[in-house]
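Chain by chain, the residues:
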Protein chains: 2
Amino acid sequence: MFLLGLNNPSRKAVSKLIVQKFGGTSLADLDCIEKVAERIRLRAQGGDRMVVVVSAMAGETDRLEALANRFCGEIPHREMDMLVATGEQVSASLLSMALKKKAVKSRAFLGHQIPIRTSEDLGEARIESIDPRELKEWIFSGGVAVVAGYQGVNARGEITTLGRGGSDLTAVALAGALDADLCEICTDVRGVYTADPRICSEARPIRKLCYDEMLELACLGAKVLQARSVQLAKRYQIPIYVRSSFEQHPGTTVTTEELGMEGTVVSAISCDRTEGKISIRNLSEDAEKTSSLFRALAEQDISVDVIVQDRSDSGKVNLTFTVPRLCFSKALETAQLCKEEDHSVEIKSHEKVTKVSAVGLGMRSHSGVAARIFGTLSREGIEVMAVSTSEIKICCVLDERYGELAVRALHEEFGLAKEPN
Amino acid sequence: MFLLGLNNPSRKAVSKLIVQKFGGTSLADLDCIEKVAERIRLRAQGGDRMVVVVSAMAGETDRLEALANRFCGEIPHREMDMLVATGEQVSASLLSMALKKKAVKSRAFLGHQIPIRTSEDLGEARIESIDPRELKEWIFSGGVAVVAGYQGVNARGEITTLGRGGSDLTAVALAGALDADLCEICTDVRGVYTADPRICSEARPIRKLCYDEMLELACLGAKVLQARSVQLAKRYQIPIYVRSSFEQHPGTTVTTEELGMEGTVVSAISCDRTEGKISIRNLSEDAEKTSSLFRALAEQDISVDVIVQDRSDSGKVNLTFTVPRLCFSKALETAQLCKEEDHSVEIKSHEKVTKVSAVGLGMRSHSGVAARIFGTLSREGIEVMAVSTSEIKICCVLDERYGELAVRALHEEFGLAKEPN
């Protein structure tokens, strides 16, 4: 058994080993499965060694969860994972059958058959190790391996699942364990876009991103790739290629930072409409106050995202933070407690905000990006409620009504519609 | 690991260990699953140790097979078993969830988790061994074990399935491996009937049958219990109790032959409408001829059922046999070959025949049963085309049109409507 961490990160050059992942919308029905099989057949014929990771057929996981809803709440347990894992078991079986029908040597593998060993946590397990020997033997005998994504087995022999987007994680982890040349994520979009094309018609797929940019975009709700998968890919230096399942357009390569990447100041504008904002004004200047507030939020499993703090002239502290809208009212109740202790405290809340962010490696070396962002938003008359920054990202919290306008204006400002040279 | 054959066949008396099996119609939807859970809860509360084996929810196996049909024919393979095994995985997960919701300590087990080890044959594997340790530990800790029926794992780690009716087999084999006190088959009928109630309104559930009678009835198409399961139960001396899943009527106990059982001359009248009959007249008296005919049929996987042979005055041989209707035309073609070699040979075929049989342990000690059967059929003007007998069965091949009449007449003749004392 090889622990993930023991793999040699060097890439092979001779025979290409590809891990390809197909999402649920690419496997929506038997026609789609047949089309996917045909693409794999052509690729395998070209000489590539293929490991194909599949999600459940579109809608299947929801159907299974709806069945389970009758009997159980949110509590993860053995049976819930056992149940939803059938979704990927079905699609892996069917795709492998479809390949065999096309005379492609194929075999379907479940998580516990490989095995993909995970932590004990049901519902959102972490991959701990993968034994790649049986898979390797199979693909080096000329077979295509079809692997049920999203699932593994824990030390107690229980079937575990890896949480939402878990099939991406399966694909990247397998690519790491197999020392693959490339991990292809085949999906229903052409790649990672410069902005959400539904908001900004000028948006186009980005050719190349580095892991850190992709991480910022994944965390900011770009949804194409799950953040845990990008982190894992970065750790094992596995290049990811995001592309359309059925169209032949070039997609997005996510890889290590390369020379010249900083030439592009901003790579993409993202937009996240899942959070709400709470501001607390006139808190007394007492670090214990702030930390006890965040502790209380954490105890209720409310994850705080953007945090901005400043001090007024009177020495009082103003604190602004965002939380997922799903926990907004719970978070607001918790914030109100600060007021009970000190009546000068004011609470302002805004449930419908949008986080609009500019992400780009080039920010590190190009000054003035913030100025251009503020200038653009101000020209459009958009008030910025809060700002948070990282080395390669500037994130503005805005009223939801201005989200789309802000995305379009910033996309224009940074000239993203045009392919960089 | 305990091999099945190494178990001690003696029954325990103190704490009852029950293996209960629920078929697909008893698990047709979430309401049914909840009702089944409630019955199990009451039973477990009464102090019994419970292992519950489940089939797939009604219609699910057909749905999965229909999906697979697009990509594969009849050939059994790894992916087909992997696919259909999800049916029982889903129902086991859901039933265990439903039990937990009712505060019953419960855990779902898949075939490979126990493990139930099988032969390599996909699609119709044989159970080779069962390791009962984990299950035992669980039920003796006070938990209910819900086991996905119909499935196992072979030496190559592949998921295998046990063929039609395989969940019965899982239940009986587990009862054997766990040295259970009873194996209950909960189904949509009240037990094994004296005749098919759709044909004979007077039919009633039989209280008690011995394994050999049940085997004759299972093979003759009574459909309540699969013949392989009855054989296994006989081998391990596991009493089987066939009863309704939801009603409280007494069912049928299938057990070892007991004193007094021979008091009932005939226990049941069965009726099988799945075969066709072929007669070959004037074959020359040459054993090689007959045996080469049956060899040719066997090579085409045609299983011959009833075989009757006699010799005419002229020293020629007349041969009559029945085959499944599905292979009737293939069998007839094969039979025609006898004619090509010898033009005096005559072939007569009758695709729509019915096998009506009287089964009863009492036949061994009561003479004149055959006379009563022929007398009854003759009174009704029914021609008997062929007869075959075993020690506890008399089987008559009739024109399909007379099948129902024959069942009713024989049911009446042997007084089966009345419960024996």
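Refer to the structure above for everything that follows.
Chains are numbered independently. Their residues run from 1 in the order of the written sequence. As they are written, the chains are lettered A onward and the ligands numbered 1 onward, keeping that order. In keeping with the model being predicted, local features are shown solely for residues with a pLDDT of at least 70 and side-chain atom pairs are shown and tallied solely at 80 or more, while totals for entire chains, interfaces and linings include all residues. With hydrogens and water set aside, each side-chain value is computed from the structure's full complement of heavy atoms.

### Here we look at the overall build of chain A
Consideration 1: Numbering of helices and strands runs from the N terminus, with a helix taken as a DSSP run of H or I at least four residues long and a strand as a DSSP run of E at least two residues long. From N to C terminus, chain A includes 11 helices and 20 strands.
Consideration 2: Scaling as 2.2 N^0.38, a compact globule of 421 residues should have a C-alpha radius of gyration of about 22 Å, and chain A matches this with 23 Å.
Consideration 3: Principal-axis analysis of the C-alpha atoms places the extent of chain A at approximately 75 × 55 × 40 Å.
Consideration 4: Long-range pairs, those at least 24 residues apart, make up 76% of the contacts in chain A with a sequence separation of at least 6.
Consideration 5: Exposure was quantified through the Shrake-Rupley algorithm and a 1.4 Å probe, taking into account, for residues, occlusion by the shown protein chains and nothing else. Total accessible area computed for chain A in this model is approximately 17,900 Å², and 49% of it derives from carbon and sulfur atoms. Within these notes, the globule rule equals 2.2 Å times the number of residues to the 0.38 power, and the radius of gyration is based on C-alpha atoms. Contacts are assigned to residue pairs that have any heavy atoms within 4.5 Å of one another.

### Thoughts on the packing of helix α6 (residues 211–219) of chain A against helix α7 (residues 227–236) of chain A
Residues and elements named next belong to chain A.
Consideration 1: To obtain an axis, a line is fitted to C-alpha atoms, over the contacting stretch when the element is a helix, and the angle between two such axes runs from 0 to 180 degrees between their N-to-C directions. Following both chains from N to C, one finds α6 and α7 inclined at 170°, their axes separated by 9 Å at the closest point. With respect to α7, the element α6 is oriented roughly antiparallel. At the point where α6 passes α7, the crossing takes the left-handed sense. Residues Tyr211, Asp212, Met214, Leu215, Ala218 and Cys219 of α6 lie in contact with α7, whose contacting residues are Ala227, Val230, Gln231, Ala233 and Lys234.
Consideration 2: In terms of residue class, the contact of α6 with α7 is made up of eight nonpolar, one polar and two charged. The labels follow the angle: roughly parallel below 35 degrees, roughly antiparallel above 145, roughly perpendicular from 65 to 115, and oblique for the rest. Crossing handedness is defined as follows: a turn of the near helix away from the far one that is anticlockwise and smaller than a right angle gives a left-handed crossing, while the clockwise case is right-handed. Amino acids outside the nonpolar list (Ala, Val, Leu, Ile, Met, Phe, Trp, Tyr, Cys, Pro) and the charged list (Asp, Glu, Lys, Arg) are all regarded as polar, and Gly is one of them.

### A few points about the relation of the copies chain A and chain B
Consideration 1: Overlaid copies result from least-squares superposition on C-alpha atoms, with residues included only where pLDDT is at least 70 in both. Take chain A, turn it by 180°, move it 0.0 Å along the axis, and it overlays chain B with an RMSD of 0.1 Å. When the rotation and shift are considered jointly, the pair of chain copies conforms to a two-fold rotation axis. When each C-alpha of chain A is compared by its distance to the rotation axis, threonine 86 of chain A comes out closest, at 2.9 Å.
Consideration 2: Mapped onto chain B, 100% of the interface residues of chain A are again interface residues, and the two copies thus contact each other with one and the same surface.

### Observations concerning the packing of aromatic side chains
Consideration 1: Pairing of aromatic rings covers Phe, Tyr and Trp, the last counted by its six-membered ring, and requires centre-to-centre distances within 6.5 Å; plane angles under 30 degrees mean stacked, over 60 mean edge-to-face, and any other angle means tilted. Here the structure, examined in full by the defined rule, presents two aromatic pairs over all chains.
Consideration 2: Ring centres 5.7 Å apart and planes at 70° place the aromatic pair phenylalanine 294 of chain B and phenylalanine 321 of chain B in the edge-to-face group. Of this pair, phenylalanine 294 of chain B sits in helix α8 (residues 287–299) while phenylalanine 321 of chain B sits in strand β16 (residues 317–324), and the two are 27 residues apart along the sequence.
Consideration 3: Think of it in three bands: with a 1.4 Å probe and only protein chains considered, a residue is buried below 20% of the maximum accessible area for its type, exposed above 50%, and partly exposed in between. When its relative accessible area of 0% is taken as the criterion, phenylalanine 321 of chain B is described as buried.
Consideration 4: Taking NZ or CZ as reference, lysine 105 of chain A lies 4.9 Å from the ring centre of tryptophan 138 of chain A, over its face.
Consideration 5: Distance and angle both matter: a charge sits over a ring if NZ of Lys or CZ of Arg is within 6 Å of the ring centre and within 35 degrees of the ring normal. The ring centre of tryptophan 138 of chain A lies 4.1 Å from the NZ or CZ of arginine 107 of chain A, which sits over that ring.

### Quick word on the interface of chain A and chain B
Consideration 1: The interface is formed by 39 residues belonging to chain A together with 39 residues belonging to chain B.
Consideration 2: Across the interface of chain A and chain B, roughly 3,600 Å² is buried in total on both sides, 60% from carbon and sulfur atoms.
Consideration 3: Two parts placed together each lose some accessible area; with a 1.4 Å probe, that loss summed over both constitutes the buried area. Contact with chain B buries surface across chain A, with Arg70, Phe71 and Met97 of chain A losing the most and accounting together for 22% of the total.
Consideration 4: Put simply, arginine 70 of chain B and aspartate 31 of chain A hold a salt bridge, and the shortest N to O gap is 2.5 Å.
Consideration 5: Here a polar contact means two N or O atoms within 3.5 Å. Within protein one must be a hydrogen donor candidate and the other an acceptor candidate, and residues neighboring in sequence count only if both atoms are side-chain atoms. On inspection of chain A and its partner chain B, the count reaches 20 residue pairs in polar contact (both at pLDDT 80 or more).
Consideration 6: Elements represented by at least two residues in the side of chain A that touches chain B include exactly α1 (30–45), α2 (60–69), α3 (78–101) and β3 (106–109) of chain A. Definition used for salt bridges: Asp or Glu carboxyl oxygen within 4 Å of a side-chain nitrogen of Lys or Arg.

### Brief notes about the pattern of salt bridges
Here the idea is simple: oppositely charged side chains can pair when their charged atoms come close.
Consideration 1: Here the structure, examined in full by the defined rule, presents 68 salt bridges over all chains.
Consideration 2: Glutamate 275 of chain A serves as the salt-bridge partner of lysine 355 of chain A, at 3.7 Å between the closest nitrogen and oxygen. Pair noted here: lysine 355 of chain A is in strand β18 (residues 353–359) and glutamate 275 of chain A is in strand β14 (residues 275–283), with a separation of 80 residues, a long-range link. There is no split in this pair, since lysine 355 of chain A and glutamate 275 of chain A are both buried.
Consideration 3: Residue lysine 21 of chain B is joined to aspartate 168 of chain B by a salt bridge in which the shortest nitrogen-to-oxygen separation is 2.8 Å. On the criterion of sequence distance, the pair formed by lysine 21 of chain B in strand β1 (residues 17–22) and aspartate 168 of chain B in helix α5 (residues 166–177) is long-range, its members being 147 residues apart.
Consideration 4: The network of salt bridges with common partners includes Arg43, Asp48, Glu184 and Arg243 of chain A.

### Quick notes on the side chain of threonine 322 of chain A
Residue and element names in this part refer to chain A.
Consideration 1: Mapped onto the secondary structure, threonine 322 falls in strand β16 (residues 317–324).
Consideration 2: Here the side chain of threonine 322 touches glutamate 275 through a polar contact of 2.7 Å, side chain to side chain.
Consideration 3: Not counting the four nearest positions on each side in its chain, threonine 322 is found in contact with Glu275, Gly276, Lys277, Ser303, Val304, Asp305, Val306 and Val397.

### Structural notes on the sheet that holds strand β17 (residues 346–350) of chain A
Residues and elements named next belong to chain A.
Consideration 1: DSSP-based pairing: two strands are paired if at least 2 bridges between them are found. The four strands are arranged β15-β16-β14-β17 in an open sheet whose pairing can be described as antiparallel. A strand with exactly one partner marks an edge of an open sheet, and here the two such strands are β15 (307–311) and β17. Here the strands of the sheet are splayed against their neighbours by 15° on average, with no regard to which way each runs.
Consideration 2: Bridge analysis of β15 against β16 gives five bridges, and the strand direction is antiparallel.

### Concerning the environment of threonine 253 of chain B
Residue and element names in this part refer to chain B.
Consideration 1: Here threonine 253 lies in strand β12 (residues 252–255).
Consideration 2: The exposure class assigned to threonine 253 is partly exposed, which follows from its relative accessible area of 22%.
Consideration 3: Sequence separation between threonine 253 and isoleucine 382 is 129 residues, and the spatial gap between their C-alpha atoms is 34 Å.

### Quick word on the sheet that holds strand β10 (residues 208–210) of chain A
Residue and element names in this part refer to chain A.
Consideration 1: In space, the eight strands of this open sheet follow the order β3-β6-β2-β1-β9-β11-β12-β10, with mixed pairing throughout. At either margin of the open sheet sits one strand with a lone partner, and together these are β3 and β10. Looking at each pair of strands side by side, their axes are set apart by 20° on average, direction ignored.
Consideration 2: Packing of α6 onto the sheet brings it into contact with β10 and β12 (252–255), and relative to β10 it is tilted by some 90°.

### Here's the deal with unusual backbone geometry
Negative phi values dominate among residues other than glycine, just as trans dominates among peptide bonds.
Consideration 1: Omega for the peptide link from isoleucine 114 of chain A to proline 115 of chain A comes to -15°, which places this bond in the cis form.
Consideration 2: Structurally, proline 115 of chain A is set in the loop between β3 and β4 (116–118).
Consideration 3: Its identity is not glycine, yet glutamine 237 of chain A carries a phi of approximately 55°, on the positive side.
Consideration 4: Position of glutamine 237 of chain A among the secondary structure elements: in the loop between α7 and β11 (240–244).
Consideration 5: Notably, aspartate 179 of chain B is not glycine yet its phi reads approximately 55°, a positive angle.
Consideration 6: Along the chain, aspartate 179 of chain B falls in the loop between α5 and β9 (182–187).

### Quick look at the pairing of β16 of chain B
All names here are of chain B.
Consideration 1: Among the eight residues of β16, seven are classified as buried, and the element is accordingly described as predominantly covered.
Consideration 2: As paired strands, strand β14 (residues 275–283) and β16 are joined by seven bridges and run antiparallel to one another. Across the sheet, the residue bridging to isoleucine 278 is phenylalanine 321, located in β16.
Consideration 3: Here strand β15 (residues 307–311) folds back onto β16 in antiparallel fashion, the turn holding five residues, of which glycine 315 has a positive phi close to 85°.

So yeah, pure geometry; function would need other evidence.
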